[in-house]
Amino acid sequence: MSRHRRPSGFQRTDRIADQIQRELSRVLQFELKDPRIGLVTVQDVTVARDLAYADVYFTLLGEGEDAGREAEQVLTGAAGFLRSSLAQSLNTRTTPRLRFHYDKTPERASELSRLIDEARAEDRELRPEDDTDTNHD
């Protein structure tokens, strides 16, 4: 085994990504005052190995995709402020540049759930005899 081999599992970039996620959540909630951004939830952060960039994936509570795209633009415009806030709490020589991405997963999951519910309702209408309880004592 090489002396310089990294142990498998949790790497430095993962720890930094977690720290960025926690700190960004705090800054977005308490320090960034922009009415175009509602309740932002930082879903995930991935950091490049050289710490040059951090990709930040976020969602908006109760908002649609249009509001998410607008929030993405607002956050991209505020990236310098957010990066300087991060620099104060990160223990790294450099602070990654932030790239924001609106995460459509919650809306997509809700849409798929609605479609499944509709399909099950249609199925019950077409075959009501399958709805009866088949577990008899």
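Residues numbered from 1 in each chain as written. Predicted model: local features only at pLDDT ≥ 70, side-chain atom pairs only at ≥ 80, totals over all residues. Heavy atoms only, no water.

**What to know about the environment of G80**
Topologically, G80 is positioned in helix 3 (residues 79-89). On a C-alpha basis, the gap between G80 and L98 in space is 8.2 Å, while along the polypeptide they are 18 residues apart. (Helix = DSSP H or I, 4+ residues; strand = E, 2+ residues; numbered from the N terminus.)

**Remarks on helix 1 (residues 12-30)**
In an α-helix, one turn spans 3.6 residues; hence positions three or four apart end up facing the same way. End to end, helix 1 covers 27 Å across 19 residues, agreeing with the expected 27 Å (1.5 Å per residue, within 8%). Burial in helix 1 covers these residues: T13, I16, A17, I20, E23, L24, V27 and L28. Each buried residue of helix 1 sits inside an arc of 140 degrees when the element is viewed along its axis, so together they form one side. Across helix 1 from its buried face, at more than 90 degrees, point the exposed residues R22, Q29 and F30. On its buried face, helix 1 is in contact with strand 1 (40-47), strand 2 (53-60), helix 2 (65-77), helix 3 and strand 3 (97-102). (Expected span 1.5 Å × (residues − 1). Buried < 20%, exposed > 50% of the residue type's maximum accessible area, 1.4 Å probe, protein only. Arc of directions from axis to C-beta. Contact = heavy atoms within 4.5 Å.)

**Observations concerning the nonpolar core**
In terms of nonpolar packing, the biggest core is built from 29 residues, with I20, L24, L82, L98 and F100 touching the most fellow members. Contributing elements (two or more residues each) for this core: helix 1, strand 1, strand 2, helix 2, helix 3 and strand 3. The element best represented in this core is helix 1, accounting for six residues. Excluding anything up to four places from it in sequence, L24 contacts V42, V56, L82, L86, L98 and F100. (Core = buried A, V, L, I, M, F, W, Y, C linked by side-chain atoms within 4.5 Å.)

**Side note on the side chain of E23**
Here E23 is to be found in helix 1. Among the residues examined, E23 registers a relative accessible area of 15% and is labelled buried. Excluding residues within four positions of it along the chain, E23 makes contact with S85, L86 and S89.

**Things to note about the pairing of strand 2**
Most of strand 2 is tucked away: six of the eight residues are buried. Summarising the sheet, strand 1 and strand 2 pair through seven bridges and their orientation is antiparallel. Following the sheet pairing, D44 is matched in strand 2 by Y57. Linkage of strand 1 to strand 2, two consecutive antiparallel strands, is achieved through a turn of five residues, within which L51 is found at a positive phi near 60 degrees. The pairing of strand 2 with strand 3 spans six bridges and is parallel. (Pairing = 2+ DSSP bridges.)

**What about the pattern of salt bridges?**
A complete count under the given rule lists ten salt bridges for this structure. Ionic pairing is found between E31 and R26, a salt bridge with its closest N-O pair at 2.9 Å. The class for E31 is partly exposed, based on a relative accessible area of 35%. Of the charged contacts, one joins E111 and R114 as a salt bridge, the two residues approaching to 2.6 Å between their closest N and O atoms. Of the two residues, E111 and R114 both sit in helix 4 (residues 105-126), three residues apart, roughly one turn of that helix. (Salt bridge = Lys/Arg side-chain N within 4 Å of Asp/Glu carboxyl O.)

**Remarks on the side chain of D55**
Among the secondary structure elements, D55 is positioned in strand 2. Engagement of the side chain of D55 in a polar contact is seen with the side chain of R99, the distance being 2.9 Å. Discounting chain neighbours no more than four positions away, the residues touching D55 are D44, V45, T46, R99 and H101. (Polar contact = N/O pair within 3.5 Å; in protein donor to acceptor, adjacent residues only side chain to side chain.)

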